[in-house]
Amino acid sequence: MLILLPPSEGKASEGSGPPVGELSFPALDKARKRVLNALVRASKRRDALDVLGLTPGLAGELAKNTVLKTAPTLPAADLYTGVLYDNLGLGTLDDEARRRAEESVLIFSGLWGVVRITDLIPPYRLSMGVNLPSLGGLATFWRPLIAKELDRDSGLVVDLRSATYAGAWQPGERSVTVRVFRDGKVVSHMAKATRGEIARALLRHDTAPATPDELAKTLDALGYTIDLAEPARAKRPWTLDVHVTDPA
């Protein structure tokens, strides 16, 4: 089983490890260098905030981007913060659940393509939705490269990514896109929290589900109210809707 996560806008402020070196999926390294170089150049432009889709209040993030090649790193598990990662709680998993996380959790990134939670990377600011000068849209740039790496796997894929990051790889019929609703509507903050909770529950579960039906049964047994739908057409993912209510 693979669990796909988006990154988070919120990140740890700094690391203490060596500059970025070898990462998981080394076949992506050449592309990573291209994106890194393009990001450093873009972050030095006068219109950098507009290019990267950042507000004036985030101008300080540009300085971080310009020194990424030498910046101290930290594990991806510690870098990403925010609602989803708070509820996932990687740092509080027991040893067995942590081992599962290291094997199955993949974090998608506009800069690195895809990483594992053990990869050492520095704080950065770059959304997959950015159209980076010289490279174009990052989801389009990464899609064939990531597919070449991840299409080799044949197991169940639990897709907890946001739409922006889902565009970088589509696993097809072996994947289940998890959507979260409250009163029939998507609520961003609650959706992030629920996705984090679901990822944590799956990592702590004794047996990893191998099919969409097994995933639905597992989440149902864990107390979630869910609806599972088959793909609308060939090569499309299953859809699993999770219905939540406000805490009493």
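As a reminder, the structure under discussion sits directly above these lines.
Calculation criteria
For every chain, the first residue of the written sequence is number 1, and numbering continues from 1 onward in sequence order. Owing to the predicted nature of the model, reporting of local features is limited to residues with pLDDT of at least 70; listing and counting of side-chain atom pairs is limited to 80 or more, with chain, interface and lining totals taken over all residues. Note that water and hydrogens are dropped before the side-chain values are worked out from all heavy atoms of the structure. Helical segments are the DSSP runs of H or I of at least four residues, strand segments are the runs of E of at least two, and each set is numbered from the N terminus. For the radius of gyration, the atom set is restricted to C-alpha positions; the globular benchmark scales as 2.2 Å times the number of residues to the power 0.38. Think of it in three bands: residues with accessible area under 20% of the maximum for their type are buried, residues over 50% are exposed, and the middle band is partly exposed, with areas taken using a 1.4 Å probe on protein chains only. We call two residues contacting when some pair of their heavy atoms lies within 4.5 Å. Put simply, two rings from Phe, Tyr or Trp (the six-membered ring, in Trp's case) pair if the centres are within 6.5 Å, and we call them stacked under 30 degrees between planes, edge-to-face over 60, tilted for the rest. Note on criteria: charge over ring means Lys NZ or Arg CZ within 6 Å of the ring centre, with the direction from the centre no more than 35 degrees off the ring normal. Buriedness for pockets is judged along seven lines, at least five of which must meet protein on both sides within 12 Å for an open set on the 1 Å grid over protein atoms alone, while cavities are sets there where a 1.4 Å probe fits but cannot get out, and lining residues have an atom within 4 Å of a point. Grid points are joined across faces, edges and corners, and a volume is the space filled by probe spheres set on the points. Only Asp, Glu, Lys and Arg are considered charged, only Ala, Val, Leu, Ile, Met, Phe, Trp, Tyr, Cys and Pro nonpolar, and every remaining residue, Gly among them, polar. A 3.5 Å cut-off defines polar contacts: any pair of N or O atoms within that distance qualifies, except that in protein one atom must be a possible hydrogen donor and the other a possible acceptor, and neighbouring residues in sequence count only when both atoms are side-chain atoms. As used here, the term nonpolar core means buried Ala, Val, Leu, Ile, Met, Phe, Trp, Tyr and Cys residues forming a set that is joined through side-chain atoms within 4.5 Å. Here, a strand pair is defined by DSSP locating no fewer than two bridges between the strands. Angles run from 0 to 180 degrees between N-to-C directions of axes, and those axes are lines fitted to C-alpha atoms, restricted for helices to the stretch in contact.

Quick notes on the overall build of the chain
Next, step 1: Along its length, the chain carries ten helices and eleven strands.
Next, step 2: What you see for the chain is a C-alpha radius of gyration of 18 Å, in line with the 18 Å of a compact globule of 248 residues.
Next, step 3: Summarising its shape, the C-alpha atoms of the chain cover approximately 50 × 40 × 35 Å along the three principal directions.
Next, step 4: When burial is assessed residue by residue, the chain has 50% of its 248 residues classed as buried.
Next, step 5: Excluding contacts between residues fewer than 6 apart, the proportion of contacts in the chain whose partners are at least 24 apart in sequence is 69%.

Some thoughts on the packing of aromatic side chains
Next, step 1: The final tally for this structure, using the stated rule, is four aromatic pairs.
Next, step 2: Ring plane angle 25° and centroid distance 5.7 Å describe the contact between Y80 and Y85, whose orientation is recorded as stacked. With respect to burial, Y80 and Y85 carry one shared label: buried.
Next, step 3: Plain terms: the ring middles of F141 and W142 are 5.3 Å apart, the flat faces sit at 80° to each other, and that makes the pair edge-to-face.
Next, step 4: Relative accessible area serves as the criterion here: at 13%, F141 is assigned to the buried category.
Next, step 5: Among the aromatic residues, those joined into a cluster by ring pairs are Y80, Y85, W112 and Y124.
Next, step 6: Above the ring of Y124, the side-chain terminus of K11 is found at 4.7 Å from the ring centroid.

Side note on the layout of surface pockets
Next, step 1: Looking at the largest pocket, its volume works out to about 690 Å³.
Next, step 2: What lines the largest pocket is a set of 32 residues, and nearest its centre among them are P7, E9, S162, Y165 and K192.
Next, step 3: Per element, the largest residue contribution to the lining of the largest pocket is four residues, and it comes from helix 9 (residues 188–204).
Next, step 4: Its residues assigned to classes, the lining of the largest pocket shows 16 nonpolar, ten polar and six charged.
Next, step 5: Within this model, the second largest pocket holds a volume of roughly 190 Å³.
Next, step 6: Lining the second largest pocket are V20, G21, E22, L23, D29, R32, K33, L36, N37, K69 and W112.
Next, step 7: Of the residues belonging to the lining of the second largest pocket, the class tally is four nonpolar, two polar and five charged.

A look at unusual backbone geometry
Across residues other than glycine, the phi torsion is negative in most instances, and most of the peptide bonds are trans.
Next, step 1: A positive phi angle, close to 55°, is found at F25, a residue other than glycine.
Next, step 2: Following the sequence through the fold, F25 ends up in the loop between strand 1 (2–5) and helix 1 (29–43).
Next, step 3: Positive phi outside glycine occurs at K235, with the angle close to 65°.
Next, step 4: Relative to the elements of secondary structure, K235 occurs in the loop between strand 10 (225–229) and strand 11 (238–243).
Next, step 5: Since its relative accessible area comes to 70%, K235 is described here as exposed.

What to know about the environment of Q170
Next, step 1: Its location among the elements puts Q170 in the loop between helix 8 (163–166) and strand 9 (175–181).
Next, step 2: Residues Q170 and R143, spaced 27 residues apart in sequence, show a C-alpha to C-alpha distance of 8.3 Å.
Next, step 3: Side-chain polar atoms of Q170 contact the backbone oxygen of A166, separated by 2.8 Å.

Topic: the nonpolar core
Next, step 1: In this structure, L52, F108, L126 and L132 are the most contacted members of the largest nonpolar core, which totals 81 residues.
Next, step 2: Setting aside chain neighbours within four positions, we find L52 in contact with L39, A42, S43, L62, N65, L126, V130 and L132.

Some remarks on the sheet that holds strand 1
Next, step 1: Spatially, 4-3-1-8-9-11-10 is the arrangement adopted by the seven strands of the open sheet, whose pairing is mixed. If you trace the sheet from one side to the other, it starts and ends with strand 4 (113–115) and strand 10, each paired once. Strand-to-strand, the axes of this sheet are offset by a mean angle of 25°, without reference to chain direction.
Next, step 2: Both strand 1 and strand 8 (residues 157–159) contribute to a ladder of three bridges, which runs parallel. Residue pairing for strand 8: L2 is matched across the bridge by V157.
Next, step 3: Sheet contacts for helix 6 (residues 95–104): strand 1 and strand 3 (105–109); angle to strand 3, the most-contacted strand, approximately 45°.

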